[in-house]
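Residues per chain are reported as follows:
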Amino acid sequence: MPDLTAPGAITSTEDLERAADELSALARELAPAIETNRRLPDELVAALRASGLFRAGAPATVGAPEAPPAVTLGCAETLARGDASAGWCVSIAATSSLLAGWLPAEGLAETFADPDKVAAGIFTPRGRAKPVDGGYRVSGRWAFCSGIMHSDYLFAGCMVEAGGEGEPTMRSLGMPTSALEIIDTWHTSGLCGTGSHDAVADDLFVPAHRSLSLLDPPTSDAALYRFPIFAFFALSIAAAALGNARGAIDDLTTLAAVKVGQGSSRTLAQRAATWSVVAQAEASLRAARAFYYQAIEEAWQAARSAQPAQPVSVELRTGLRLAATHAVRTAADVAREMCDLGGGSAIYADSPLQRRLRDAQTATAHFQVNPAIWELTGRLLLDQPTETAML
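Residues numbered from 1 in each chain as written. Predicted model: local features only at pLDDT ≥ 70, side-chain atom pairs only at ≥ 80, totals over all residues. Heavy atoms only, no water.

Student: Sorry, what's going on with the state of the cysteines here?
Tutor: What makes a disulfide is a covalent bond joining the sulfur atoms belonging to two cysteines. Per the counting criterion, the structure on display carries zero disulfides. Cysteine Cys158 shares no disulfide, and the gap to the nearest cysteine sulfur, in Cys145, comes to 11 Å. Overall, Cys158 belongs to the buried group, its relative accessible area being 0%. (Disulfide = S-S within 2.5 Å. Buried < 20%, exposed > 50% of the residue type's maximum accessible area, 1.4 Å probe, protein only.)

See the structure below:
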């Protein structure tokens, strides 16, 4: 196993996957501290930085993994099996590193060439940007900045003023987190350890080379940046949810081997009612994962074979959004069923099952996978007029 404390030691996808396995076990061990402190512990952050997982989506031209989507998302799922907040933070950082594929060369070198640098991202355009000589002056407040406590840059959505009577345009601007005010807002029922606080910029200068628009063609011609970026955002949420659901089954299995109910001589694992619920949950989770990774593979093959600037088809993008939403909501059902099976043992604060349930429910609230996505994808499946630029 490579030395996880040595920056740049991880380069291959196989090493990424091995690191994810090892760090998942560490995340499980640190889960109570992650929950209590509402952020990832320094020990885990350091290992994740060194592993390359935080910047798995950045280009190989700067020494980053440029990992295929299924590898990056599978690693995030593995981390979430240990702890959902850890998997979520890997998902967000790795997905944010994909933005490197849209940056000009100077911005790419500044933000992603250093293997220690980590980016967070929030697409919602809650900032206002005014063009000035050499860049922009930016002010705004962004909520849900997952991983901001261990990130070096925040790529945040802004509406850029247009001259004259022109309409504002949306861009993502990369700001050093050291130049932002972090507001401690993340007091939540679930995913507590993601540290998804608010971030504030007050008339901050951002050079033009740290500016990008995901509606423009990528600056890199690598296949990874032809994979649908907006769908990747939704898939990253689903990766954490799937890993959390698998972790819930793990936790129930551990509990079931020793728990004996009142008035019973059999453990929970020896009861027929338990067998039925666990079997159905296992089938549901495997089916959701199969759909998820099949949709990813089909879109990835299309991206690899496409010409530069040629988008993956609407049909395949629809499949990705369906798969992500179905995975998150199925994962929440599985976590709920495992928590129900845990009975009275699962209601205590030190039970991992109650945390799994809270984390699962929190994931379902994300706008990328909420019930409105069923309407969006349903319109497309029924061939109704639908805006697909950000599908």
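Text resumes after the structure shown.
Student: I tried to follow the packing of helix H6 (residues 229–256) against helix H7 (residues 272–305) on my own but got confused; where do I start?
Tutor: Packed helices, taken two at a time, are described by the angle their axes make and the gap between the axes. Two numbers describe how H6 lies on H7: the axes approach to 11 Å, and their chain directions differ by 155°. By the angle class used here, H6 and H7 are roughly antiparallel. Crossing of H6 over H7 shows left-handed handedness. Here Leu235, Ala238, Ala239, Leu242, Ala245, Arg246, Ile249 and Leu252 of H6 come into contact with H7, specifically with Val278, Glu282, Leu285, Arg286, Ala288, Arg289, Tyr292 and Ile296. For the contact of H6 with H7, a count of residues per class yields twelve nonpolar, no polar and four charged. (Axes fitted to C-alpha atoms, helices over the stretch in contact; angles between N-to-C directions. Helix = DSSP H or I, 4+ residues; strand = E, 2+ residues; numbered from the N terminus. Parallel < 35°, antiparallel > 145°, perpendicular 65-115°, else oblique. Left-handed = near helix turned anticlockwise from the far one by under 90°. Contact = heavy atoms within 4.5 Å. Nonpolar A, V, L, I, M, F, W, Y, C, P; charged D, E, K, R; others polar.)

Student: Which parts of the structure should I look at to understand the sheet that holds strand E7 (residues 211–212)?
Tutor: To summarise the sheet geometry, strands pair through backbone hydrogen bonds and adopt either a parallel or an antiparallel arrangement. The seven strands lie next to each other as E5-E6-E2-E1-E3-E4-E7, forming an open sheet whose pairing is mixed. If you trace the sheet from one side to the other, it starts and ends with strand E5 (181–183) and E7, each paired once. In this sheet, strand E6 (residues 197–207) lies alongside strand E2 (residues 135–145) in antiparallel orientation, the contact comprising eight bridges. In the sheet register, Val138 faces E6, and the bridge partner there is Leu204. (Pairing = 2+ DSSP bridges.)

Student: Would you explain unusual backbone geometry in this entry?
Tutor: With the exception of glycine, the majority of residues adopt a negative phi angle, and the majority of peptide bonds are in the trans configuration. Positioned with a positive phi, Leu191 is a non-glycine residue whose angle comes to about 50°. Here Leu191 is to be found in the loop between E5 and E6. When its relative accessible area of 3% is taken as the criterion, Leu191 is described as buried. With phi around 55°, Asp203 is a residue other than glycine that occupies positive phi space. Tracing the sequence through the fold places Asp203 in strand E6.

Student: Would you mind going over the pattern of salt bridges with me for this structure?
Tutor: Oppositely charged side chains can form a pair if their charged atoms are brought close together. Applying the stated criterion across every chain, the model contains 17 salt bridges. Across the pair Asp203 and Arg137 runs a salt bridge whose closest N-O atoms are separated by 3.4 Å. With Asp203 in strand E6 and Arg137 in strand E2, this pair connects stretches of sequence that are 66 residues apart. Overall, the relative accessible area of 32% leaves Arg137 in the partly exposed class. Between Glu282 and Arg246 there is a salt bridge, with the nearest N and O atoms lying 2.9 Å from each other. Of this pair, Glu282 sits in helix H7 while Arg246 sits in helix H6; the two residues are 36 residues apart in sequence, bridging distant segments of the chain. Here Glu282 matches Arg246 in class, with each residue buried. (Salt bridge = Lys/Arg side-chain N within 4 Å of Asp/Glu carboxyl O.)

Interpretation in functional terms is not warranted from these geometric data alone.
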